[in-house]
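Given next are the chains, with one letter for each unit.
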Amino acid sequence: MSNKPEKKGDVRQRLRKADAKMKKRKKAVIGTLPPFMYIVTEGTVTEVTYIEGFAKNINMRYGAFSTRDRIVVKGFGKSCLTLLEEAERTVGKVCPKAEVVWLVYDKDDFPKDAFDNTQFSAESRRDTRKYRVAWSNESIELWFLLHFQEMKSEVSRKQYIKLLEAYCDYRKNDPELFEKLYPRTEEAINRADKLFHSYEKNTAPSAMCPATRMHELVKDLMGYMRK
């Protein structure tokens, strides 16, 4: 066996091969890598805090495969079409590798046309990235409430909050919201999916009340969560 020291180039090549081999083994154990996702929200605290509960878990699990987070969440305080514009304007800087851009927003008191056209505009984008929507009509509290019960009738935002307060001591901007809701996520997905499909196909989003598409985003994220 030769005692000659390795050349620097040989050392770097050997280390790269070892690193690639290790990543390949990890990938075989962990499974398919999640796509890079940029999730933009209307709210700047509640929605961000909740969704980051998923994002942190996934980013930690797959951190060995990229120098960037695979899931990036950003709140803008913008609504509907303005949120879509902000997503398009910032995605290249904030999450340049994004394959999917999610918009999380509520109906609230915004005009029906603006609410409906946000979905139509996002889903009709012809881009290298796919744009998807996770709206709630009329507020994200509907999605939170579906973790505890079915909801078939239209109620006000204040009533959603009142019901949530009884179930989980709910309050806006609660840093523990994700932990409170996560154990019931599968139930919420099933209820939201059932509610969404109770409407006729091609019904305008503004006419679907109560309804939410948050379950589509969360179901997507759940597929990559550490068990």
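Let us look at the structure shown here. For clarity, every value in this text was computed on a predicted model and none was experimentally measured.

Parameters at a glance
- Per-chain numbering applies: the sequence of each chain, read as written, is numbered from 1 onward.
- Totals for whole chains, interfaces and linings use every residue, but because this is a predicted model, local features are given only for residues with pLDDT of at least 70 and side-chain atom pairs only at 80 or more, for both listing and counting.
- Side-chain numbers here rest on the full set of heavy atoms in the structure, without hydrogens or water.
- Here a strand pair is declared whenever DSSP counts at least two bridges between the two strands.
- Strands here mean DSSP runs of E at least two residues long; helices mean DSSP runs of H or I at least four residues long; both are numbered from the N terminus.
- Note on definitions: angles span 0 to 180 degrees between N-to-C directions of axes, and those axes are lines fitted to C-alpha atoms, for helices only across the stretch in contact.
- In what follows, a contact means two residues having at least one pair of non-hydrogen atoms within 4.5 Å.
- Geometric relationships in this document are graded by angle, where less than 35 degrees denotes roughly parallel, more than 145 denotes roughly antiparallel, 65 to 115 denotes roughly perpendicular, and other angles denote oblique.
- Crossing chirality is assigned from the near helix's rotation relative to the far helix, an anticlockwise turn below a right angle marking it left-handed and a clockwise turn marking it right-handed.
- The classification used treats Ala, Val, Leu, Ile, Met, Phe, Trp, Tyr, Cys and Pro as nonpolar, Asp, Glu, Lys and Arg as charged, and all other residues, Gly among them, as polar.
- Points on a 1 Å grid over protein atoms alone make up a cavity when a 1.4 Å probe fits among them but cannot get out, and a pocket when they form an open set with protein on both sides within 12 Å along at least five of seven lines; lining residues each have an atom within 4 Å of a point.
- Grid points are joined across faces, edges and corners, and a volume is the space filled by probe spheres set on the points.

**A word on the sheet that holds strand S4 (residues 130–133)**
Spatial ordering of the open sheet is given by S2-S1-S3-S4, a layout of 4 strands whose pairing is parallel. The two strands at the open ends of the sheet, each matched to only one other strand, are strand S2 (71–75) and S4. The mean inter-strand angle of the sheet, taken between neighbouring strand axes irrespective of direction, is 20°. Sheet topology places strand S1 (residues 37–41) next to S2; 5 bridges connect them, and they run parallel. Each bridged residue has a counterpart across the sheet, and for Met37 the counterpart in S2 is Ile71. Packed onto the sheet, helix H3 (residues 80–94) meets S1, S2, strand S3 (100–104) and S4 and runs at close to 140° relative to S1.

**Concerning the packing of helix H8 (residues 185–196) against helix H9 (residues 214–222)**
For the pair H8 and H9, the least separation of the axes is 9 Å and the interaxial angle reads 140°. Taken as axis vectors, H8 and H9 run oblique relative to one another. With respect to the hand of their crossing, H8 and H9 are arranged in left-handed fashion. Between H8, through Thr185, Glu186, Ile189, Ala192, Asp193 and Phe196, and H9, the contact on the second element is made entirely by His215, Glu216, Val218, Lys219 and Met222. For the contact of H8 with H9, the per-class residue count stands at 5 nonpolar, 2 polar and 4 charged.

**Let's talk about the layout of surface pockets**
For the largest pocket, the calculated volume is near 220 Å³. Phe196, Glu200, Lys201, Asn202 and Thr203 are, among the 13 residues lining the largest pocket, the residues nearest its centre. Broken down by class, the residue content of the lining of the largest pocket amounts to 6 nonpolar, 4 polar and 3 charged.

The quantities given are spatial measurements derived from coordinates; they are silent on function.
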